[in-house]
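Notes for the structure review
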Amino acid sequence: MLLSRVAADLFWLARYAERAENTARILDVATRLSALPSTYGGQTNEWESAVLATGSGDVFMERYGEPTRRNVIEWLAFSPENPSSIRSCFDVGRRSARAVRTALTRDMWEAINGAWLEMRRFSIESMSPRQLAEFLAFVIEASLRFDGSAYRTMLRTDAHAFFRLGTFIERADATARILDVKYHVLLPEGDAVGGGLDYFQWSSILRGASALTAYQWVFREALRPWRVAELLILRPELPRSIASCTDNTSRFLDQLAGDYGRHGPSQRMARAMHARLANTTVDAIYHEGLHEFLTRAIAENNALGGAIEAQYLR
Amino acid sequence: MSKFFDEMGGVDGEVRAGYSQIRSWLDQSTPEQLRARSREAEILFRRIGITFAVYGDSAGEERIIPFDIVPRILSSTEWQTLSKGLEQRVRALNMFLGDIYGPGEILKAGLIPEGLIYRNTYFRPEMVGVKVPHGIYVPVCGIDIVRVDADTFYVLEDNLRTPSGVSYMLENREISMRLFPELFNEHRVRPVEQYPNELLSTLQSLAPASAPRDPTVVILTPGPLNSAYYEHSFLADRLGVELVEGRDMFVDQNRVYMRTTEGPRQVDVIYRRVDDDYLDPLAFRPDSVLGVPGLIAAYRSGNVAVANAMGTGVADDKAVYTYVPEIVRFYLGEEPILKNVPTYRCREPDSLKYVLENLSELVVKMVSGSGGYGMLVGPRATAAELEDFRNKLAAEPDEFIAQPTLALSTCPTFVGEGIAPRHVDLRPFVLSGSNGIRTVPGGLTRVALKEGSLVVNSSQGGGTKDTWVLDQ
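Residues numbered from 1 in each chain as written. Chains lettered and ligands numbered in written order. Predicted model: local features only at pLDDT ≥ 70, side-chain atom pairs only at ≥ 80, totals over all residues. Heavy atoms only, no water.

A short note on the overall build of chain A
Looking only at helices and strands, chain A features 16 helices and zero strands. In terms of overall dimensions, chain A is globule-like: its C-alpha atoms have a radius of gyration of 19 Å, near the 20 Å expected for 314 residues. Overall, the C-alpha framework of chain A stretches about 60 × 50 × 35 Å when taken along its three principal axes. Counting only contacts in chain A whose residues sit at least 6 apart along the sequence, the fraction spanning at least 24 positions is 67%. Approximately 13,400 Å² of chain A is accessible, and the part contributed by carbon and sulfur atoms is 53%. Averaging the positions of the 37 positive and the 37 negative side-chain charges in chain A gives two centres separated by 7 Å. (Helix = DSSP H or I, 4+ residues; strand = E, 2+ residues; numbered from the N terminus. Rg over C-alpha atoms; globule rule 2.2 N^0.38 Å. Contact = heavy atoms within 4.5 Å. Areas by Shrake-Rupley, 256 points an atom, 1.4 Å probe, with all protein chains shown as cover. Lys, Arg positive; Asp, Glu negative; His and termini not counted. Charge placed at Lys NZ, Arg CZ, Asp CG, Glu CD.)

Quick look at the structure:
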């Protein structure tokens, strides 16, 4: 049993912590790709892709017009006007954490509070490439520390389940968006296997989901675009794949249903989504259209988040 | 030697019992070593997030209360007298509250002017005739005590509404044990860590008879913006109970429920850290969004216990304070163990005359003020401030009391350049349940960090110390 308000704060706290890390990875990828000699990079503007991958393209263009390095870093990392900027994530996350301190362990609180305090050291005014790298490493480390402290210290009660539901709903969303923003380079008409210009695009997608090494371990072969899609969408071994996230979401919802003795719409939706992913193949996805598939996955995942809120968090 | 009694050096500088190891520790440490420990302590406090908000200061939204690394020590005999006196005082105050919201015997006996009670801002007519669970109005109170010499402790103030500071008592101990394990090895310090457990059983003992054997206790907070929010969340965590805000609860058929992920759940005991005025918009301030509509009706129906009861402020008012010795004698037939500070009631013409004539030597306090606001410290006041208070006193004498400037004891304190004496007070906490009255050995020692200052309030630059009661 948990106060609905506390459950909601835990859910969003986890989402914001996860979002900060995803945004940091997206910025890391943009930095790498934009540093490549133009002959390797293709025609895309990597900074623009970064903004698109976070789903805030329209607002950004309205405010800045130009997706330059500085503008994008400011928007994604520091802007208080972007509710999903890394700074906003830490602010909102800490505020939620403060409101539900009793539901957090001391280690979790210290992790988020420490990150929030340290965040003050950084600003857009001092973002040389070296400082940006240091900053991104700090964000990813803070997120890992927070996640790890939750894993190691939190009681496995309903509070933990709501916390993890936030993590996995957010993570599935991020993976789908990272893929969708680059879906065109994963389409089969691009020039064939290995070594081509697209290699760097494919590897950047994997990096965005911290799955580059994982790819080698799972497939033991050179990068192929449909394999990239398969890994990030369907492979249960990869903790950031959409299938893996949905599996976890469904399991935590089942745990809640078991604890509370009652199933509801969110359990049914999660199970249906999970079953669909388990029963499909990468061929079927390409047949449907990769972009269409991802758009649908993002919408369904959103709807599931809404169903969880309606069922438990109000 | 200074004219103040020092907790370590007495009046003659000779080290008092209990302080000898502390003295040699301080003698052997360089200012750099002490500074390093002090900084370490501050980092720990900040990391844990023990902060408080200062009202009216938006820039410094969150601060930490400075923690001084030198402990304040009480001997077991000193504590024995203090704790007996505290229990006596709280027992009498509970009976007093039951009386003034009931038969009013003490008023009929003519010991206290009726107007002082019935026209008091904190008097709650809604509480008249209400059957309070087990007759206990103040399950939790914090009593401010100062010391002026080796044998004399005065009660400065009774805090019977929503006293705070107990989290600092507990965290200060945690942190000093982390920083100075060797000192704890050399002393037998009586523990305080059982406080949350004692608080929980006190609260549970107040549950209505209709409640289940394992009653649902909650802590009601105004929310994260409140200056004491850290303490609310800390206590909820240590007690293992829900920390609720008004919007988390609702009243149906005179029963109180909280909204949970499993649907509504009935609440039996509310330890509230929200002021009377904000508890229930139907009963008190209609514009309050912090409270729970219908809470008071549920309370009056006996379906929920609220700690502390509403209307206890009438007994910790500074004007009523002056009558506490009479209150103790009237209800218990005993001499008060703890003394009051000699106090002039400005409502009485003779006293007012004396106060006006001796203003520059007195401390003048507003009857309803707290937190060190609205107070005049005569010896440190400017001519303009004195004149201002002279006018206030003449206009509304009922609103003020005056006390001699007390020679508060000092305690060695680390102040950057080294160790220096600073004035301290003590706030021990007293719990009253249907299962008895109890204290934990210790309390919160507050220290005025500015040289010569007598104001220990955290909102005015005060700090805190770990408070040790030695076992023998």
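Next comes the rest of the write-up.
Here's the deal with the packing of helix 1 (residues 4-35) of chain A against helix 8 (residues 129-153) of chain A
Residues and elements named next belong to chain A. Orientation of helix 1 relative to helix 8, taken along the N-to-C sense of each, is 150°, at an axis distance of 9 Å. On the basis of the axis angle, helix 1 is roughly antiparallel to helix 8. Helix 8 is crossed by helix 1, and the crossing has left-handed handedness. Counted together, Leu 13, Ala 17, Ala 20, Glu 21, Ala 24, Arg 25, Leu 27, Asp 28 and Thr 31 of helix 1 and Leu 132, Leu 136, Val 139, Ile 140, Ser 143, Leu 144 and Phe 146 of helix 8 form the full contact between these two elements. When the residues that make up the contact of helix 1 with helix 8 are grouped by side-chain class, the tally is 11 nonpolar, two polar and three charged. (Axes fitted to C-alpha atoms, helices over the stretch in contact; angles between N-to-C directions. Parallel < 35°, antiparallel > 145°, perpendicular 65-115°, else oblique. Left-handed = near helix turned anticlockwise from the far one by under 90°. Nonpolar A, V, L, I, M, F, W, Y, C, P; charged D, E, K, R; others polar.)

Some remarks on the packing of helix 1 of chain A against helix 16 (residues 290-313) of chain A
Residue and element names in this part refer to chain A. Two elements in contact, helix 1 and helix 16, have axes whose closest approach is 10 Å; the angle formed by their N-to-C orientations is 155°. Relative to helix 16, the element helix 1 is oriented roughly antiparallel. Taken together, the residues of helix 16 that come into contact with helix 1 (itself represented by Ser 4, Ala 7, Ala 8, Phe 11 and Trp 12) are Ile 308, Glu 309, Tyr 312 and Leu 313. The class makeup of the residues in the contact of helix 1 with helix 16 is seven nonpolar, one polar and one charged.

Describing the interface of chain A and chain B
In this complex, chain A contributes 22 residues to the contact, which on the side of chain B involves 27 residues. Buried surface at the junction of chain A and chain B, summed over both partners, amounts to about 2,300 Å²; 45% is from carbon and sulfur atoms. Summed over the shared surface of chain A and chain B, the number is three salt bridges. Put simply, chain A and chain B have 12 residue pairs in polar contact (both at pLDDT 80 or more) between them. (Buried area = accessible area lost by both parts, 1.4 Å probe. Salt bridge = Lys/Arg side-chain N within 4 Å of Asp/Glu carboxyl O. Polar contact = N/O pair within 3.5 Å; in protein donor to acceptor, adjacent residues only side chain to side chain.)

What to know about the packing of aromatic side chains
Residue and element names in this part refer to chain A. In the structure shown here, the tally under the stated rule is 28 aromatic pairs over all chains. These aromatic residues form a ring-pair network of at least three members: Phe 78, Phe 90, Phe 122, Phe 135 and Phe 138. Over the face of the ring belonging to Tyr 16 we find Arg 19, whose NZ or CZ atom lies 5.1 Å from the ring centre. A cation sits over an aromatic face here: Arg 94 above Trp 116, 3.8 Å from the ring centre. (Phe/Tyr/Trp six-rings, centres within 6.5 Å; stacked < 30°, edge-to-face > 60°. Lys NZ or Arg CZ within 6 Å of the ring centre and 35° of its normal.)

Focus on the sheet that holds strand 15 (residues 400-404) of chain B
All names here are of chain B. The strand order across the open sheet formed by four strands is 12-15-13-14, and the pairing between neighbours is antiparallel. The outermost strands of the open sheet, each flanked by one partner alone, are strand 12 (344-345) and strand 14 (375-377). Where strand 13 (residues 362-366) meets strand 14, three bridges bridge the pair, whose relative direction is antiparallel. The partner of Val 363 across the bridge, within strand 14, is Val 377. The strands touched by helix 15 (residues 383-395) within the sheet are strand 13, strand 14 and strand 15, with strand 14 carrying the most contacts at an inclination of about 130°. (Pairing = 2+ DSSP bridges.)

Points about the pattern of salt bridges
Residue and element names in this part refer to chain A. Scanning the entire structure with this criterion turns up 53 salt bridges over all chains. The salt bridge involving Glu 74 is made with Arg 70; its shortest N-O contact spans 3.6 Å. Within this pair, Glu 74 and its partner Arg 70 are both found in helix 5 (residues 69-78), separated by four residues, close to a single helical turn. A relative accessible area of 38% places Arg 70 in the partly exposed class. Among the ionic contacts, a cluster of salt bridges with common partners joins Glu 221, Arg 224, Arg 227, Glu 230, Arg 235 and Glu 237. (Buried < 20%, exposed > 50% of the residue type's maximum accessible area, 1.4 Å probe, protein only.)

Quick word on unusual backbone geometry
Residues and elements named next belong to chain B. The step from Ala 307 to Asn 308 runs through a cis peptide bond, and the omega angle for that step is -10°. Relative to the assigned elements, Asn 308 resides in the loop between strand 10 (305-307) and helix 12 (318-321). In this structure, Gln 253 takes a positive phi of about 50° despite not being glycine. Here Gln 253 falls in the exposed class, since its relative accessible area comes to 68%.

Describing the sheet that holds strand 10 of chain B
All names here are of chain B. One open sheet holds the four strands; their spatial order is 5-4-9-10, and the pairing between them is parallel. This sheet does not close on itself; its edge strands, each paired only once, are strand 5 (242-244) and strand 10. When the angles between neighbouring strand axes are averaged without regard to direction, this sheet yields 30°. When strand 4 (residues 217-220) meets strand 9 (residues 269-272), the two strands line up parallel, connected through four bridges.

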